[in-house]
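# Reading the structure
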Amino acid sequence: MFAQLFAAFPLEATARGGSPGWAGSVLVVNGGIGFLVLFAVPAVMRAFGTIGLLAMAIATGGLAIGLVGQVPGLVPLLLLVAIFSAAEIAVLAGAEILVGRHAGGRAVSTYFALFNMSWGLGGALGGAAGPLMAQAADPRAAWALMGATALVSLAGLALYRRVAPVGIIRDGTIGTAPQQDDQRSKRTSTGEAHCGG
């Protein structure tokens, strides 16, 4: 879905603006909003938690892209791009936090490499689907269908919430390696034994 910032959105901006130069306006809006949203993400995360942030961002992004086919004009399109961009940055920030917790200080590069590979695969699929969507016979239905893919992501997030370790999804915790926890427990036990002796 988020690959459309570099696929369907620029094509739509070009069509509505009447010039290829308007394609760049999508990236300008995306960059500006992305920078500002980073300042708001920590506050939203504290209020709703990481999973809550992800759920709201995915739903907001899906709604924004689904409305593109319903709203005519270039300015409304760029407003939807701004909303979509805010959702993208929030999803990326929340996802990276969860990946870091899963890594827990062990093989961090491997965890993030796999995360980036999955993000890249999604981008490749979205990049291929974007031009097809922009040239669809019924653009309104095509944009709505793309927006509906957010429901798949929300279902996956709900499943993840059920199966992920509590220490990972609980906010305010840092995923530490099990061996570190074991060492802490041993030190605590040893200390108690000394105090008892």
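Details of the structure are given in the entry above.
What counts as what
- Residues numbered from 1 in each chain as written.
- Predicted model: local features only at pLDDT ≥ 70, side-chain atom pairs only at ≥ 80, totals over all residues.
- Heavy atoms only, no water.
- Helix = DSSP H or I, 4+ residues; strand = E, 2+ residues; numbered from the N terminus.
- Buried < 20%, exposed > 50% of the residue type's maximum accessible area, 1.4 Å probe, protein only.
- Contact = heavy atoms within 4.5 Å.
- Phe/Tyr/Trp six-rings, centres within 6.5 Å; stacked < 30°, edge-to-face > 60°.
- Polar contact = N/O pair within 3.5 Å; in protein donor to acceptor, adjacent residues only side chain to side chain.
- Axes fitted to C-alpha atoms, helices over the stretch in contact; angles between N-to-C directions.
- Left-handed = near helix turned anticlockwise from the far one by under 90°.
- Nonpolar A, V, L, I, M, F, W, Y, C, P; charged D, E, K, R; others polar.
- Expected span 1.5 Å × (residues − 1).
- Bend = angle between axes of the 7 residues up to and from the residue.

## A look at the overall build of the chain
On a plain count of helices and strands, the chain comes out with seven helices and zero strands. When the helices and strands of the chain are read in sequence order from the N terminus, they spell out α-α-α-α-α-α-α. Out of the 197 residues in the chain, the part that is buried amounts to 35%. Long-range contacts, defined here as pairs at least 24 residues apart, represent 75% of the contacts in the chain between residues at least 6 apart.

## Description of the packing of aromatic side chains
Aromatic ring pairs: the centre-centre distance and the angle between the two ring planes describe each pair. Scanning all chains against the criterion turns up three aromatic pairs. Summarising the aromatic geometry, the rings of Phe9 and Trp143 are spaced 5.4 Å apart at their centres and angled 40 degrees between planes, so their arrangement reads as tilted. With Phe9 in helix 1 (residues 8–17) and Trp143 in helix 5 (residues 139–163), the pair connects residues that are 134 residues apart, well separated along the chain. Each member of the pair, Phe9 as well as Trp143, carries the same accessibility label: buried. Relative to Phe39, the ring of Phe35 has its centre 5.3 Å away and its plane inclined at 80 degrees; by these criteria the two rings are edge-to-face. Taken together, the residues Phe35 and Phe39, both in helix 2 (residues 23–67) and four residues apart, mark about one turn of the helix. When its relative accessible area of 51% is taken as the criterion, Phe35 is described as exposed. On the accessibility criterion, Phe39 (59% relative accessible area) is exposed.

## Considering the side chain of Asn30
Within the secondary structure, Asn30 sits in helix 2. With relative accessibility at 14%, the residue Asn30 sits in the buried group. Among the polar contacts made by the side chain of Asn30, one reaches the side chain of Ser85 at a distance of 3.0 Å. Asn30 has contacts with Leu5, Ser85 and Glu88, leaving out every residue within four places of it along the chain.

## Describing the side chain of Glu12
Within the secondary structure, Glu12 is located in helix 1. Polar side-chain contacts of Glu12 include one of 2.8 Å to the side chain of Arg16. Among all residues touching Glu12, those that are not within four sequence positions of it are Val68, Leu77 and Trp143.

## A short note on the packing of helix 3 (residues 74–103) against helix 4 (residues 108–134)
For the pair helix 3 and helix 4, interaxial distance at closest approach is 9 Å and the crossing angle is 145 degrees. The interaxial crossing formed by helix 3 with helix 4 has right-handed handedness. Contacts between helix 3 and helix 4 involve Val91, Leu92, Ala95, Glu96, Val99, Gly100, His102 and Ala103 on the former and, on the latter, Val108, Tyr111, Phe112, Phe115 and Trp119. Residues belonging to the contact of helix 3 with helix 4 are distributed by class as follows: ten nonpolar, two polar and one charged.

## Comments concerning helix 2
Compared with an ideal rise of 1.5 Å per residue, which puts 45 residues at 66 Å, helix 2 spans 19 Å between its outermost C-alpha atoms and falls more than 12% short. Along helix 2, the sharpest kink reaches roughly 110 degrees, centred on Gly49.

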